[in-house]
Amino acid sequence: MRIALIAGNWKMNTTAAEATKLVREMLDRLEEATGVEKVLCPPFVSLAAVRELVKGSSVKLGAQNMHFEAKGAYTGEISPLMLAGLCEFVILGHSERRQYFGETDHIIGKKIVAALRNRLKPIFCIGEKLEENEAGRTKEIIARQMSQGLSKAKPSPDIVIAYEPIWAIGTGRAADGEQAAATIGFIRYTLSRLWNENVAQELRILYGGSVTSSNIAEFISQPEIDGALVGGASLNAQEFLSIVEQTAAIKTKQSAIRRQQIADSK
C-alpha cells in the first residue's frame, strides 16, 4: 500500500530566520503524525538551516527546483550535486517554472533524469490551464506532459507525481475531490501505458492547488489520491499541521479497511 505524502512548497517566501522559526513551531507535532511522509520545501538559502533542525526526525527535506547539469557556467542555478547532500526530494516542472521561466516538457524531462541519477526523488508536477480545462483538453495536456517528461526516465518508485491544475494554484479555486480523483485515475492509467501496471499502482500521485485544512479531507478521502503538494497553507504552522494530521488519520483508516478486506478475501 502506498504511503501518503504531504509536501509543503514555501515558494519564494521566508528568510532563513523565518524558515527556522516556522519549522520549530511545527516539528514536535509533525513528528507525532505517523502513517504519512512529511516533506518541507523551503527556498534554497534555508535548506542547510532547516536540515539541521529536522535531522534525526521523520521530517524530510525537499528543494523547489534544480538544473539538469551537474556543474558549469549556469550563473544562479543549483545543480543536483549541490542538493544531494542537503535534501531528499526536489520539485520539478511546477507550473510557475513553466509559466514564468519558460521550462518545457523536454527540459523538465532532463531534470527528472538528473534527479534520479543523483538519488534525489522528483516531485513531478503536471496540470492544465483553465482554457485547456474548459475546452475538454485536460487528458491531452496531461498525457503530453507525462510522455515527454518521463520519456528518458526509467521506472522508479522514487518518482512522485503531483497533479496541479494551473487554474487552481493560488486562486482559492480548488478542484473538488471527485474531479481530482478522476484525473489522477487517468494519470495512473497513463503510467500503465508508458511503463506497466505495477509501476502505475506503486507510484504516489498527489493533488495540489489551493489545498487548505478545510478541503484536504475531500481530497485525501479519495483512495486514488496519495497526498498533497501544499502551497500557501504550508506557510501557516497550524494550517499545515492540520493538513498533515487529517491526512494521517484518514489514510490510516483507509489502510486498516484495506488490510481487513485482504484478510477477508483469503
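Residues numbered from 1 in each chain as written. Predicted model: local features only at pLDDT ≥ 70, side-chain atom pairs only at ≥ 80, totals over all residues. Heavy atoms only, no water.

### With respect to the packing of aromatic side chains
Then step 1. Per the stated rule, a full pass over the model turns up three aromatic pairs.
Then step 2. The interplanar angle of 20 degrees and the centroid separation of 4.3 Å between the aromatic rings of Tyr207 and Phe219 together place this pair among those described as stacked. Here Phe219 lies in helix α10 (residues 216-220) and Tyr207 lies in strand β7 (residues 204-208), a separation of 12 residues in the sequence. The burial state of Tyr207 is the same as that of Phe219; both residues are buried.
Then step 3. An aromatic cluster of three or more residues is present, and its members are Tyr163, Tyr207 and Phe219.
Then step 4. Taking the ring centre of Phe101 as reference, the NZ or CZ of Arg97 above it sits at 4.0 Å. (Phe/Tyr/Trp six-rings, centres within 6.5 Å; stacked < 30°, edge-to-face > 60°. Helix = DSSP H or I, 4+ residues; strand = E, 2+ residues; numbered from the N terminus. Buried < 20%, exposed > 50% of the residue type's maximum accessible area, 1.4 Å probe, protein only. Lys NZ or Arg CZ within 6 Å of the ring centre and 35° of its normal.)

### Some points on the environment of Ser57
Then step 1. Within the fold, Ser57 resides in the loop between α2 (47-54) and β3 (59-63).
Then step 2. Look past the residues within four positions of Ser57 in its chain and what remains in contact with it is Leu27 and Glu31.
Then step 3. At 2.6 Å, the side chain of Ser57 and the backbone oxygen of Val54 are in polar contact.
Then step 4. A distance of 3.1 Å separates a polar atom in the side chain of Ser57 from the backbone nitrogen of Val59. (Contact = heavy atoms within 4.5 Å. Polar contact = N/O pair within 3.5 Å; in protein donor to acceptor, adjacent residues only side chain to side chain.)

### Quick notes on helix α5 (residues 105-117)
Then step 1. For α5, spanning 13 residues, the distance from its first C-alpha to its last is 18 Å, which sits close to the expected 18 Å at 1.5 Å a residue.
Then step 2. Turning to α5, the residues buried within the fold contact α3 (80-84), β4 (89-92), α4 (95-101), β5 (121-126) and α7 (138-149).
Then step 3. Phi turns positive one or two residues past the end of α5, at Arg119, with a value near 60 degrees. (Expected span 1.5 Å × (residues − 1).)

### Notes on the packing of helix α1 (residues 16-32) against helix α11 (residues 237-265)
Then step 1. Remark: α1 packs on α11, axes separated minimally by 10 Å, with the N-to-C direction vectors making an angle of 25 degrees. Here α11 runs roughly parallel to α1, going by the angle between their axes. Read as a crossing pair, α1 and α11 show a hand that is right-handed. Of α11, the residues touching α1 (which contributes Leu22, Glu25, Met26, Arg29 and Leu30) are Ala237, Gln238, Phe240, Leu241, Val244 and Glu245. (Axes fitted to C-alpha atoms, helices over the stretch in contact; angles between N-to-C directions. Parallel < 35°, antiparallel > 145°, perpendicular 65-115°, else oblique. Left-handed = near helix turned anticlockwise from the far one by under 90°.)

### Some thoughts on unusual backbone geometry
Glycine aside, the phi torsion of most residues is negative, and most peptide linkages are trans.
Then step 1. The phi angle at Thr14 is positive, at roughly 80 degrees, despite the residue not being glycine.
Then step 2. The phi torsion at Ser210 lies on the positive side, around 60 degrees, for a residue other than glycine.

### Considerations on the pairing of strand β1 (residues 4-9)
Then step 1. Within β1, six of the six residues are buried, leaving the element largely enclosed by the surrounding structure.
Then step 2. Sheet topology note: the β1/strand β2 (residues 36-41) ladder contains six bridges and is parallel. Within the sheet, the bridge partner assigned to Ala7 lies in β2 and is Val39.
Then step 3. Considered for its hand, the β-α-β crossover made up of β1, α1 and β2 is right-handed.
Then step 4. Where β1 and strand β8 (residues 227-230) come together, four bridges link them in parallel fashion. The partner of Gly8 across the bridge, within β8, is Val230. (Pairing = 2+ DSSP bridges. Right-handed = clockwise from strand over helix to strand, strands pointing away.)

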